[in-house]
Amino acid sequence: MRTAYLDTLYDLAGKDRRVYALISDNGAIVYDKYRKDLPAQYLNLGISEANMLGMAAGMASCGKIPFAYTIGAFLAYRAFEFIRNDICLQKQNVKIVGTGAGEIYSALGPTHHSTEDLGGLRSLPNLTIITPASPMEVKKATVAAYEYEGPVYLRLGTNKEAEIYEKDYIFEIGKGVVMREGRDITLISLGTVVKDVLDVAEALDKEGINTRVINMHTVKPIDRELIMQAIDETGRIVTIEDHNIIGGLGSAVAEVIAEYGKGVTFKQMGLHNFSEGYGTYQQVKANNGIDVPCIYNAVKKIMD
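What follows is about the overall build of the protein chain. From N to C terminus, the protein chain includes 12 helices and 12 strands. For the protein chain, whose C-alpha radius of gyration is 19 Å, the value lies close to the compact-globule estimate of 19 Å for 304 residues. With respect to the principal axes defined by its C-alpha atoms, the protein chain has extents near 60 × 40 × 35 Å. Across the 304 residues in the protein chain, those meeting the buried criterion constitute 56%. Excluding contacts between residues fewer than 6 apart, the proportion of contacts in the protein chain whose partners are at least 24 apart in sequence is 76%. Surface summary for the protein chain: the accessible area is close to 12,700 Å², and the carbon and sulfur share equals 51%. Separation between the mean location of the 32 positive side-chain charges and that of the 38 negative ones in the protein chain comes to 3 Å.

What follows is the structure, encoded as structure tokens:
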């Protein structure tokens, strides 16, 4: 995902001198090509995330389009006040790019995990939140963020994520993507976990459970119509996210369900506390109940 983002940003900046890459020391090496070819549109502000976002807001007020990039946990938590007051309150055209979504920095522990970022940032007015699920979607989301006038939080994985799209598709902010049709149950996910959910759906299909999968890449604004359609047509919904169950995708879907007012079997899967355990990303997901076997067993229990 990171490579897809950097390649796309490089192309955008090469065509539009208003586009700037801002980093807070993290990721300096991966910006080598960008820094070499577009030095006037690159700023490394050191380990000062809040200052970077304040500077980005000032640049946006002068007509620039800054993409401020670093580890998501450092942006969402350490610099929250600057996102709120300098960017969202002023409706500045800043693109906040957080890498290491969820527990992807698995060996570094909860201090580096972005597992409560959606819960905090989703409450901020004027902020659009996008969590792409694959390299192709990262490219499309980066372009969409560039074309969108206003604050955007782009929540990325790191690198080497699997591609889940076999062919090109239309990406639209606020519109989820039905990855797989089904009539028995709907699984709604986002980010890198979508690949796991698709694997679960394939296994369930062999058990005779026809499973719909929705990639809800935009958490805010969320695709209310697609959720309501899933309620009407499947009657069962499970949300799966690499994030705390409070305030994230599951909460956003639950809000739609409550307002729609129709009965539906509903379950949230995600973290209930800070992340537990260290190791590979797959190991940490297993430790916290959101790997493929855990998702599969939870859905089977609902269907039994």
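Read on, since the account is not over.
Moving on: helix H1 (residues 2-15). The terminal C-alpha atoms of H1, which comprises 14 residues, lie 20 Å apart, in line with the 20 Å expected from a rise of 1.5 Å per residue. For H1, the complete set of buried residues consists of Ala4, Tyr5, Leu6, Thr8, Leu9, Leu12 and Ala13. Tucked into the core, H1 has its buried residues touching strand S1 (19-23), helix H2 (32-37), strand S3 (65-71), strand S4 (95-99), helix H7 (135-147) and strand S6 (152-155).

A few words on the sheet that holds strand S8 (residues 185-189). If you trace the five strands from one edge of the open sheet to the other, you get S7-S9-S8-S11-S12, paired in mixed fashion. Unpaired on one side and paired on the other, strand S7 (177-180) and strand S12 (265-271) mark the two borders of the sheet. This sheet shows a mean twist of 25° between the axes of neighbouring strands, independent of strand direction. Two strands pair when backbone bridges link them, and strand S11 (residues 236-244) and S12 are joined in this way by six bridges, in the parallel orientation.

To continue, consider unusual backbone geometry. Here the bond from Lys220 into Pro221 is cis, since omega is 0°, no more than 30 degrees from zero. Along the chain, the position of Pro221 falls in the loop between strand S10 (218-220) and helix H9 (224-234).

As a further point, take the packing of aromatic side chains. Tallying each qualifying case throughout the model produces eight aromatic pairs. Here the aromatic rings of Tyr5 and Phe67 are separated by 6.5 Å at their centres, their planes lie at 45°, and the arrangement is tilted. Of this pair, Tyr5 sits in helix H1 while Phe67 sits in strand S3, and the two are 62 residues apart along the sequence. Residue class for Tyr5 comes out buried when judged on its relative accessible area of 0%. When the ring of Tyr165 is compared with that of Tyr169, the centres are 3.9 Å apart and the planes differ by 10°; the resulting orientation is stacked. For Tyr169, a relative accessible area of 14% translates into the label buried.

Attention shifts here to helix H8 (residues 193-206). End to end, H8 covers 21 Å across 14 residues, agreeing with the expected 20 Å (1.5 Å per residue, within 8%). Among the residues of H8, those classed as buried are Val193, Val194, Asp196, Val197, Leu198, Val200, Ala201 and Leu204. Next to the buried residues of H8 lie S7, S8, strand S9 (211-215), S11, helix H11 (281-287) and helix H12 (292-303). Looking one or two residues past H8, Gly208 carries a phi angle of roughly 85°, positive in sign.

The next point concerns the pairing of S9. The element S9 is largely enclosed, with a buried count of five among its five residues. In S9, alternate side chains face the same way, and those of Thr211, Val213 and Asn215 on one face and Arg212 and Ile214 on the other are all buried. Sheet analysis places S7 next to S9, joined by three bridges and oriented antiparallel. Considered in S9, the bridge of Val178 is made with Ile214.

Quick notes on the rules
Residues numbered from 1 in each chain as written. Predicted model: local features only at pLDDT ≥ 70, side-chain atom pairs only at ≥ 80, totals over all residues. Heavy atoms only, no water. Helix = DSSP H or I, 4+ residues; strand = E, 2+ residues; numbered from the N terminus. Rg over C-alpha atoms; globule rule 2.2 N^0.38 Å. Buried < 20%, exposed > 50% of the residue type's maximum accessible area, 1.4 Å probe, protein only. Contact = heavy atoms within 4.5 Å. Areas by Shrake-Rupley, 256 points an atom, 1.4 Å probe, with all protein chains shown as cover. Lys, Arg positive; Asp, Glu negative; His and termini not counted. Charge placed at Lys NZ, Arg CZ, Asp CG, Glu CD. Expected span 1.5 Å × (residues − 1). Pairing = 2+ DSSP bridges. Axes fitted to C-alpha atoms, helices over the stretch in contact; angles between N-to-C directions. Phe/Tyr/Trp six-rings, centres within 6.5 Å; stacked < 30°, edge-to-face > 60°.

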